[in-house]
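# Structure at a glance
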Amino acid sequence: MDAIDVIVTKREGRELSSEQIAWVVDAYTRGEVADEQMSALAMAILLNGMGRREIGRWTEAMIRSGARMDWSGLDRPTTDKHSTGGVGDKITLPLAPLVAACGAYVPQLSGRGLGHTGGTLDKLESIPGWRASLSNDEMLAVLRRAGAVVCAAGDGLAPADKKLYALRDVTGTVESIPLIASSIMSKKIAEGTGALVLDVKVGSGAFMKNVETARELARTMVDLGTDHGVTTVALLTAMDRPLGLTVGNALEVAEAVEVLAGGGPSDVVELTVLLAREMLAAAGVSGKDPADALKDGSAMDAWRRMIGAQGGDPDAGLPTAAETTQVTAPSSGVLAALDAYQVGLAAWRLGAGRARKEDAVSFGAGITLHAKPGDVVREGQPLLTLHADDPSRFDRALEALTGAYTVSDAPAPLLPLVIDRVT
Ligand code: URA
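The name given to the chain in an unreviewed UniProt entry is Thymidine phosphorylase, with Sphaerisporangium rhizosphaerae as the source organism. Its UniProt record gives the chain the following Sequence similarities (unreviewed entry) comment, quoted word for word: "Belongs to the thymidine/pyrimidine-nucleoside phosphorylase family." You can read under Subunit (unreviewed entry) in the UniProt record for the chain the words "Homodimer."

Laid out in structure tokens, this is it:
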């Protein structure tokens, strides 16, 4: 087999054979196919697409490039959620312990943020002592003790994706539905979960800017999960405005803890409960309703056990940024829009995110929202508080927010929180 043949097949818009796919993914993982060859192939896939059979084979080859975890020895079903990423999306934090408190195991391998979207591991690392890297044995021990574990994927899990994703990131080949779907699903299938709920975000702050492409991505991922024996459901949810009232690592942890204590912003609570119900139903677990587990303290107990089992102190104070500044309403009226992408970009510029994989994040940096689209505001009232360790970051963050919010006489149309469900 030869890399040029594979590239030319896809460049000419023809279907790759199972043998070509198995060979090229394996040879790339071993270093026999060079980065420049794989980037040409990724571009041909982006431009010419892949059929369902090809996507399935491609995903299979990425799973086979590493280990597949196995939780069949556990005494309860496993279930997980994956979000395609957004601004203020801290849902995993209350969701994983909540689902554990309702009777399923949640073995979640998660990621760090890159660009304007946050990463779950960065958020949790703002808790003093908390460790993201666990061995498989440690992961199992945390699962048994707390019912939920959220940690980093080891190098042995879908290594082909690790290499390919880094390459796509620098070759303009991220925005391909076959490549995104196979990248996400190879990791989730290799993680070994029995059931999976996908939260496919739609809007300016998401990968998928419109409902049609989000639906196509959801459909592709649900089919891949189902074909691999994982009960998979997808919700399409709004990311035209930030989720909740905080964007930034420690700020979002504090908001997640409010939700676990029975409070928190209504959109975060609603989505957390909805996703928890979906995760439990997909795993075939019935019994306690997630809304009750948020009220009776059992979800908070599971959170404390989960954080403690990974070395974190759930009672420790969270880091705060040294400096703050406020954005105020320019006039009185209704806050008609608050653009998710621009808020995410501003939080990133404040230090909440990283420009390169090896950069450190500022745990206290980010943005607090004092109003959400649809709220009535008065001229001069605070709309946003910006948090940063270094005040020289405020100017560029404020620049990112130019035109991000409008105050008018009437509310503007917003996407519904839950747009669609794909099974
Ligand atoms: N997240 C992933 O893991 N892979 C992609 O390709 C895009 C988002």
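This part takes up the site of the ligand. If you check the shell around the ligand, you find Tyr165, Val174, Leu179, Ile180, Ser183 and Ile184 and nothing else. Here the shell around the ligand gets 4 residues from one element, more than from any other, and that element is helix H9 (residues 177-190). When its residues are assigned to classes, the shell around the ligand shows 5 nonpolar, 1 polar and no charged.

The UniProt feature table records "domain: Pyrimidine nucleoside phosphorylase C-terminal" (unreviewed entry) at residues 334-408. Taken as a whole, residues 334-408 contains 27% helix and 29% strand, while its terminal C-alpha atoms sit 5 Å from one another.

Our next topic: the domain arrangement of the chain. When the parts come together, some accessible area is lost, and that loss is often what is quoted as the size of the interface. Split by domain assignment, the chain resolves into domain 1 (3-49), domain 2 (79-309) and domain 3 (323-408). Spacing between the C-alpha centres of domain 2 and domain 3 amounts to 24 Å. Taken together, the contacts link 24 residues of domain 2 with 24 residues of domain 3. Broken down by secondary-structure element, the contributors of at least two residues to the side of domain 2 that touches domain 3 are strand E6 (246-247) and helix H11 (249-260). Ranked by the residues each element gives to the side of domain 2 that touches domain 3, the list is headed by H11, at 3 residues. Taken together, the residues that form the side of domain 2 that touches domain 3 break down as 8 nonpolar, 13 polar and 3 charged.

Regular strands place side chains that alternate from one sheet face to the opposite one. Relative to strand E10 (residues 376-377), strand E8 (residues 333-338) runs antiparallel, the two sharing 2 bridges. Within E10, the residue paired with glycine 333 across the bridge is valine 377. As defined by bridge partners, E8 adjoins strand E12 (residues 405-408) across 4 bridges and the pair is classed as antiparallel. Within E12, the position partnered with alanine 337 by the bridge is threonine 406.

About the criteria used
Residues numbered from 1 in each chain as written. Predicted model: local features only at pLDDT ≥ 70, side-chain atom pairs only at ≥ 80, totals over all residues. UniProt positions renumbered as here; feature names shortened; annotations may be inferred. Near = placed C-beta within 6 Å. Helix = DSSP H or I, 4+ residues; strand = E, 2+ residues; numbered from the N terminus. Nonpolar A, V, L, I, M, F, W, Y, C, P; charged D, E, K, R; others polar. Domains from an automatic or database assignment. Contact = placed C-beta atoms within 7 Å. Pairing = 2+ DSSP bridges.

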